[in-house]
Amino acid sequence: MRYAILSDIHGNLEALQAVLRDIEQQGVDKIVCLGDVVGYGPNPNECVDVIREKAHICLMGNHDYAAIGKEPIEYFNPYARDAILWTRRQLTGDNLAFLRDLPFLHIDGEITFVHSSPHRPEDWTYILTPRDVYHQFNFMQTPLCFVGHSHVAIGFARRGDDLWILLEDEHRLEDHEARYIINVGAVGQPRDQDPRASYGLYDSGQRTFQFRRIEYDIEAVQKQMEEAGLPQYLIDRLSYGR
Ligand code: ZN
């Protein structure tokens, strides 16, 4: 089974479409979305429409949760808060209903899919460092877990007390005694100094994983964000991927 794993689209339709064009050429069986379809970007409805049509499963992200009014917006920085309130006003009833029904976690064979972390997904814990990730491995019901949320594409592996980081573009996850937590990065708002859209490809037969980075028309999105009156800081950061 070949999976394309996307996360953190954040209303960025240009980035999502560029990623889907790449996916079409990869011969993928299942598209999995790890959540945060909305928030920040100018096309929340269009992105939800596309995900509803294309993704086999979509999980709940913290911005989705806030957009449906479940997560108190005080937890967000002022830019994110403005974008969430704007997004809430845009979303159609149908799309709000879709977001309301999203699950927090999904297990498919030996893979766990979750937006934030395997331990208490609804706490929206960020996994950024080896220290953050270490105890998360204890809460995995499967050897492999894909996450998003931090907008940083990076993988972590643990066997016993050994912990290592996966940074190369391609990996063979061949250590059957190890557990892996892989962050596929963000489609719509990367924060790892690379402004290109990020997603992951996993082949469960070969046990190979690939980080993919895709160019898209960033200026077109920025123009739409300006027209929508979204915060300048959110517009600028797309150029730098941070
Ligand atoms: Zn996000």
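Notes on the structure follow. In this text, all values refer to a predicted model and were calculated from it rather than measured experimentally.

Rules used throughout
- Along each chain, residue indices are assigned from 1 in the same order as the chain's sequence is written.
- Totals for whole chains, interfaces and linings use all residues, but because this is a predicted model, local features are given only for residues with pLDDT of at least 70 and pairs of side-chain atoms are given and counted only at 80 or more.
- By convention in this description, side-chain values take in all heavy atoms of the structure and omit both hydrogens and water.
- Comment: elements are numbered from the N terminus, with helices defined as DSSP H or I runs of at least four residues and strands as E runs of at least two.
- Under the scheme applied here, a residue whose accessible area is under 20% of the maximum for its type counts as buried, over 50% as exposed, and between as partly exposed, the area being computed with a 1.4 Å probe on protein chains only.
- In protein, a polar contact requires one atom able to donate a hydrogen and another able to accept it; more generally it is a pair of N or O atoms within 3.5 Å, and residues adjacent in sequence count only if both atoms are side-chain atoms.
- In this description, contact between two residues means that some pair of their heavy atoms is separated by no more than 4.5 Å.
- Here, nonpolar core refers to any group of buried Ala, Val, Leu, Ile, Met, Phe, Trp, Tyr and Cys residues whose side-chain atoms link them within 4.5 Å.
- Only nitrogen, oxygen and sulfur atoms within 2.8 Å of the metal, or 3.2 Å for Na, K and Ca, are treated as donors, and water is left out, so sites may look incomplete.
- Geometry assignment treats four donors as tetrahedral when all angles are between 85 and 135 degrees, treats four as square planar and six as octahedral when opposite donors are over 155 degrees apart and all others between 65 and 115, and treats everything else as irregular.
- Given the number of residues in a helix, its expected span is that number minus one, multiplied by 1.5 Å.
- Arc definition: directions from the helix axis to the C-beta atoms.
- Strand pairing is assigned whenever DSSP detects at least two bridges linking the two strands.

1. Regarding the side chain of His10
Stage number 1. Note on placement: His10 falls in the loop between strand E1 (2–6) and helix H1 (13–24).
Stage number 2. Judged by relative accessible area, which is 1%, His10 ranks as buried.
Stage number 3. A distance of 3.0 Å separates a polar atom in the side chain of His10 from the backbone oxygen of Gly39.
Stage number 4. Residues contacting His10, with those up to four places away along its chain left out, are Asp36, Val37, Val38, Gly39, Tyr40, Gly41, His63 and His151.

2. Comments concerning the nonpolar core
One broad trend across soluble globular proteins is that nonpolar side chains are buried collectively.
Stage number 1. Ranked by size, the top nonpolar core spans 50 residues in total, and within it Leu6, Leu16 and Ile51 carry the most contacts.
Stage number 2. If you tally residues by element for this core, the top one is H1, at 7 residues.
Stage number 3. If we ignore the near neighbours within four places in the chain, the residues touching Leu16 are Leu6, Ile9, Cys47, Val50, Ile51 and Val187.
Stage number 4. Of all hydrophobic cores here, the second largest spans 20 residues; its members include Tyr3, Leu144, Leu173 and Ala178.

3. Focus: the coordination of the zinc ion
Stage number 1. On the protein side, the zinc ion has Asp8 (OD), His10 (NE2), Asp36 (OD) and His151 (NE2) as donor atoms, found 1.9 to 2.4 Å from it.
Stage number 2. In this structure, the zinc ion is surrounded by 4 donor atoms whose angles at the metal cover 88 to 178°, and the resulting shape is irregular.
Stage number 3. The sequence pattern describing where the donors of the zinc ion fall on their chain is D-x1-H-x25-D-x114-H. Of this pair, Asp8 sits in the loop between E1 and H1 while His151 is found in the loop between strand E6 (144–147) and strand E7 (153–159), placing the two residues 143 residues apart along the sequence. The two residues Asp8 and His151 agree in class, both being buried.

4. Observations regarding unusual backbone geometry
Stage number 1. Positive phi, normally seen in glycine, also occurs at Asp36, with a value near 60°.
Stage number 2. Structurally, the position occupied by Asp36 is in the loop between strand E2 (30–33) and helix H2 (44–54).
Stage number 3. Look at Arg207: it is not a glycine, yet its phi comes out positive at around 55°.
Stage number 4. By secondary structure assignment, the location of Arg207 is in the loop between strand E11 (197–203) and strand E12 (208–214).

5. Let's talk about helix H4 (residues 78–90)
Stage number 1. Here H4 spans 19 Å end to end across 13 residues, near enough to the 18 Å set by a 1.5 Å rise per residue.
Stage number 2. Inspection of H4 places Ala80, Ala83, Ile84, Trp86 and Thr87 among the buried residues, and these make up the whole buried set. Looking down the long axis of H4, one finds its buried residues gathered within 165° of arc, a one-sided arrangement.

6. Re the pairing of E1
Stage number 1. Burial analysis of E1 places 4 of its 5 residues in the buried class, which makes it a mostly covered element.
Stage number 2. Relative to E11, E1 runs antiparallel, the two sharing 4 bridges. Residue pairing across strands places Arg2 opposite Asp203, the latter belonging to E11.
Stage number 3. Looking at chain direction, E1 and E2 are connected through 4 bridges and run parallel. In the strand pairing of E2, Tyr3 is matched with Lys30.

7. As for the sheet that holds strand E9 (residues 170–172)
Stage number 1. Pairing is mixed in the open sheet, where 6 strands are placed in the order E3-E2-E1-E11-E12-E9. The open sheet has two edge strands, strand E3 (57–58) and E9, and neither has a second partner.

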